[in-house]
Amino acid sequence: MADKTIYILRHGQTDYNLRGIVQGGGVDTSLNATGEAQAQAFYDKYQHLPFAKVLTSGLKRTHETVAPFLLQNLDWEQHPEINEMGWGDHEGKATTSLSKGEYDSVTQAWLQGDYHAAMPNGESAWELQQRLEVFVNHLRQRTEELLLVCSHGRAMRGLMCVLKEEPLKYMNNYSHSNTGLWIVKQQGGRFHLMLENDTSHLLVKEGQQWRSKR
């Protein structure tokens, strides 16, 4: 198992993020103008790094986020194991008091260790964990020294737990922002978190920062 450094970022902003509409794994949205600018800002800061490979989910919003790197002819792979969590009947719909109540009930069940709880027709935390473990085991076997990974908010929360070998009830300890960056080092088969949800690349000359709904 080769030691390596992995840069993991969430996709840029979409109109659904901005409007508070649930996306999930079943809604394949594109970045809006702000998301494209966030992606470019990330590229501007990190383009000098010698990434050996770019790994994304199977959804367009991650592809578009790393597009500036792909234009430099970096090798690219899609891994549906890091697609966003499936939110079932609530995907593509604005949050309501009813859907928020169902979401709160499900996340509370996860906190109590019931990882089979899910939104109506959605994916359970246990199902999410199973596919994330496939991806993490794949990462362990890779030989490249520096990788760039682009995924989604809830999937990344689960991914951090799997990487750190923590129970999924700790998912909500990990915040996520559009193009928030996480840096993980693999040493001797174990993963160590070096940076959490960093958005310093979004600082602009006026000292302002994008803050997207999520």
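Since the structure is predicted, the reported quantities are computational estimates derived from the model, not experimental observations.

S.K.: Can you walk me through the sheet that holds strand β3 (residues 76–78) in this structure?
M.R.: Strands sit in the order β3-β2-β4-β1-β5-β6 across an open sheet of 6 strands; the sheet is mixed. The open sheet is flanked by β3 and β6 (190–198), the only strands paired with a single partner. Averaged over all pairs of adjacent strands, the angle between strand axes in this sheet comes to 20°, irrespective of strand direction. As paired elements, strand β1 (residues 4–10) and strand β4 (residues 146–151) share 6 bridges and run parallel to each other. Across the sheet, Arg10 pairs through a bridge with Ser151, a residue of β4. Where helix α7 (residues 153–164) meets the sheet, its contacts fall on β1, β4, β5 (181–187) and β6, and the angle it forms with β1 comes to roughly 155°.

S.K.: Looking at this model, I keep getting lost on unusual backbone geometry. Mind explaining?
M.R.: Excluding glycine, residues mostly carry a negative phi; peptide bonds, for their part, are mostly trans. If you check the backbone angles, Glu165 has positive phi at about 60° while not being a glycine. Checked against the element boundaries, Glu165 lands in the loop between α7 and β5. Since its relative accessible area comes to 48%, Glu165 is described here as partly exposed.

Rules used in this analysis
Numbers given to residues run from 1 along each chain, matching the order in which its sequence is written. At least 70 in pLDDT is required for a residue's local features to be given in this predicted model, at least 80 for side-chain atom pairs to be given and counted, and no such filter applies to totals for whole chains, interfaces and linings, which use all residues. Water and hydrogen atoms play no part in the side-chain values, which are based on all heavy atoms of the structure. For two strands to be treated as a pair, DSSP must find no fewer than two bridges joining them. Secondary structure follows DSSP: runs of H or I at least 4 residues long count as helices, runs of E at least 2 residues long count as strands, and numbering of each begins at the N terminus. Angular values range over 0 to 180 degrees, each being the angle between N-to-C directions of two axes fitted as lines to C-alpha atoms, with helices fitted over their stretch in contact. Pairs of residues are marked as contacts when any of their non-hydrogen atoms sit within 4.5 Å. Summary of the burial criterion: residues with accessible area below 20% of their type's maximum are buried, those above 50% are exposed, and those between are partly exposed, where the area comes from a 1.4 Å probe applied to protein chains only.

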